[in-house]
Amino acid sequence: MHTQTGTPVRPAPAPASASRTATIRGTATATATTAATATATVSGTATVSGTATATVSGTATATVTATAPPLRPDRLPGLECLAPLTGDDVWLQDALLGPFSDDILEYLALARTTGGPVLDLGAGDGRLAVPLARQGFTVEAVDRDRSSLHRLLDRSRRLGPQVRDRITATPADMLRLRLSRPYQLALMAGSMIAAVPPWSRPRVLREIAGHLGPRGALAFDYTAHDAMGLAEHPHRVWSFEVPRFDGITERAVARQDFDPVAMRERIAYVIERSEPASSRAALVTTDKWIVNSLDLHRDLRAAGLRVADERQYRLDEWTRSVLLVCRADA
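Because the structure is a prediction, the values reported are computed rather than measured.

Student: I'd like to hear about the overall build of the protein chain, residue by residue, with values.
Tutor: Scanning the protein chain for helices and strands turns up eight helices and 16 strands. Buried positions account for 52% of the 330 residues belonging to the protein chain. Nonlocal contacts in the protein chain, meaning residues at least 24 apart in sequence, comprise 67% of its contacts between residues at least 6 apart. For the protein chain, the accessible surface area stands at approximately 14,700 Å², while carbon and sulfur atoms represent 52% of it.

Student: Requested: an account of helix α4 (residues 146-158), with residues and values cited.
Tutor: If you check α4, its first and last C-alpha atoms are 19 Å apart, about what 13 residues at 1.5 Å a residue would give, namely 18 Å. Every buried residue of α4 is accounted for by Ser148, Leu149, Leu152, Leu153 and Ser156. Viewed end-on, α4 has its buried residues packed into an arc of 140 degrees, placing them on one side of the element. Exposed positions of α4 whose direction lies more than 90 degrees from the buried face are His150 and Arg158. The elements touched by buried residues of α4 are α3 (129-134), β7 (139-143), α5 (161-164) and β8 (167-171). One or two positions beyond α4, positive phi appears at glycine 160, with a value near 105 degrees.

Student: So, the environment of isoleucine 248: which residues are in play, and what are the values?
Tutor: Considering the arrangement of structural elements, one finds isoleucine 248 in the loop between β11 (235-242) and β12 (249-259). With relative accessibility at 16%, the residue isoleucine 248 sits in the buried group. Residues isoleucine 248 and proline 276, spaced 28 residues apart in sequence, show a C-alpha to C-alpha distance of 8.0 Å.

Student: I'd like to hear about the sheet that holds β7, residue by residue, with values.
Tutor: Strand order in the open sheet formed by seven strands is β8-β7-β6-β9-β10-β16-β15, and the pairing between neighbours is mixed. Pairing within the sheet leaves two strands with one partner each, and these edge strands are β8 and β15 (305-314). Neighbour to neighbour, the strand axes of the sheet diverge by 15 degrees on average, direction disregarded. Taken together, the five bridges between β7 and β8 define a ladder with parallel strand orientation. Counted as the bridge partner of valine 142 is threonine 170 from β8.

Student: An account of the confidence of the model for the protein chain is requested, with residue identities and associated values reported.
Tutor: Per-residue confidence for the protein chain gives a mean pLDDT of 79, with 75% of residues at or over 70. Segment residues 1-73 is flagged for pLDDT under 50; beyond a separation of four residues in sequence, or across chains, it makes 161 contacts in the model.

Student: So what about the sheet that holds strand β13 (residues 264-274)? Which residues, and what values?
Tutor: Here four strands make up an open sheet; going across it, the order is β11-β12-β13-β14 and the pairing antiparallel. For this open sheet the edge positions go to β11 and β14 (279-289), each flanked by a neighbour on one side alone. Adjacent strand axes in the sheet meet at a mean angle of 15 degrees, parallel and antiparallel pairs treated alike. Note that β12 and β13 share eleven bridges and pair antiparallel. If you follow arginine 255 over to β13, its bridge partner there is alanine 268.

Student: If you had to explain the packing of aromatic side chains to someone new, which residues and values would you point to?
Tutor: Tallying each qualifying case throughout the model produces three aromatic pairs. Measuring from ring centre to ring centre gives 5.1 Å for tryptophan 199 and tryptophan 289, while their planes differ by 80 degrees; the resulting arrangement is edge-to-face. Of this pair, tryptophan 199 sits in the loop between β9 (183-188) and α6 (201-209) while tryptophan 289 sits in strand β14, placing them 90 residues apart in sequence. Residue tryptophan 199 is classed as exposed on the basis of its relative accessible area of 64%. By relative accessible area, which is 14% here, tryptophan 289 ends up buried.

Criteria and thresholds
Residues numbered from 1 in each chain as written. Predicted model: local features only at pLDDT ≥ 70, side-chain atom pairs only at ≥ 80, totals over all residues. Heavy atoms only, no water. Helix = DSSP H or I, 4+ residues; strand = E, 2+ residues; numbered from the N terminus. Buried < 20%, exposed > 50% of the residue type's maximum accessible area, 1.4 Å probe, protein only. Contact = heavy atoms within 4.5 Å. Areas by Shrake-Rupley, 256 points an atom, 1.4 Å probe, with all protein chains shown as cover. Expected span 1.5 Å × (residues − 1). Arc of directions from axis to C-beta. Pairing = 2+ DSSP bridges. Axes fitted to C-alpha atoms, helices over the stretch in contact; angles between N-to-C directions. pLDDT = per-residue confidence, 0-100. Phe/Tyr/Trp six-rings, centres within 6.5 Å; stacked < 30°, edge-to-face > 60°.

Structural data, given as structure tokens:
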């Protein structure tokens with residue numbers, strides 16, 4: 001079950017955009033006070049290096065309490081993490097991708113119309129690549145994080161050689177993408193487009209468009225933030241329980257900090273994992289670009305892509321989930 005607090009907490013400094021290192025020392029507390037109460041405390045020293053790794057050193061403890069009406073698992077409002085995660089974080093990632101849980105079926109249905117091969121950009125540990133391979137599609141899974149690709153390949157091996165042999169794992173940074181073959185379907189799922197800086201997006205889209213086969217498609221989803229919501233509520237705190245089925249209780253508090261001028265977003269997740277005999281805390285951060293819909297559509301047109309299908313639904317009063325299917329211009 002997921003629970004949320006729906007009112008932003010007191011204002012805080014905007015997320016740093018120039019520095020690639022953030023350090024929290026002593027005690028860091030995030031509290032939401034409305035119909036729910038969510039408190040997370042990390043004591044000792046927590047250091048977050050860059051945007052992709054997080055370590056908690058010293059004596060780390062976390063306490064998360066939340067009492068609020070249940071939040072539907074597919075309605076966490078744009079909390080997806082784009083930083084590479086460890087094996088300990090796979091349950092958290094599944095929860096954060098709740099708003100995109102239906103996309104697996106949609107992407108599978110789309111693949112049946114386009115055929116393969118399929119290019120899965122930002123594939124992670126195979127949330128889409130493995131189901132696609134199980135359905136008979138040849139998939140190239142691209143991700144900058146080698147450990148995620150290793151988990152992907154381990155998953156595919158457990159399903160047998162027919163699945164494993166359909167997947168090629170390619171470690172690569174999407175910002176320096178160089179493709180060498182045509183694809184019938186290219187995917188950027190889980191809001192991966194928000195990992196691409198606005199000035200790099202035209203080149204990435206052109207590279208993909210130039211390698212789509214006849215009647216091929218690019219499909220991706222992203223979280224759209226309403227401008228008024230960003231201006232009025234640039235700092236938000238959410239609490240939720242992470243569904244797990246391995247005997248560990250996991251709770252998280254996520255703090256979103258938006259910079260509407262720089263079009264940046266930073267999320268810090270304070271996580272408590274409790275077992276019968278012990279508990280431990282973790283801190284994870286992710287940095288994203290806020291996607292402006294008008295700019296995105298302009299970049300798509302400049303890359304020779306037209307939007308053939310657009311679907312969206314509300315996550316909350318400030319946030320929408322958007323899915324685009326694009327085709328190359330004739």
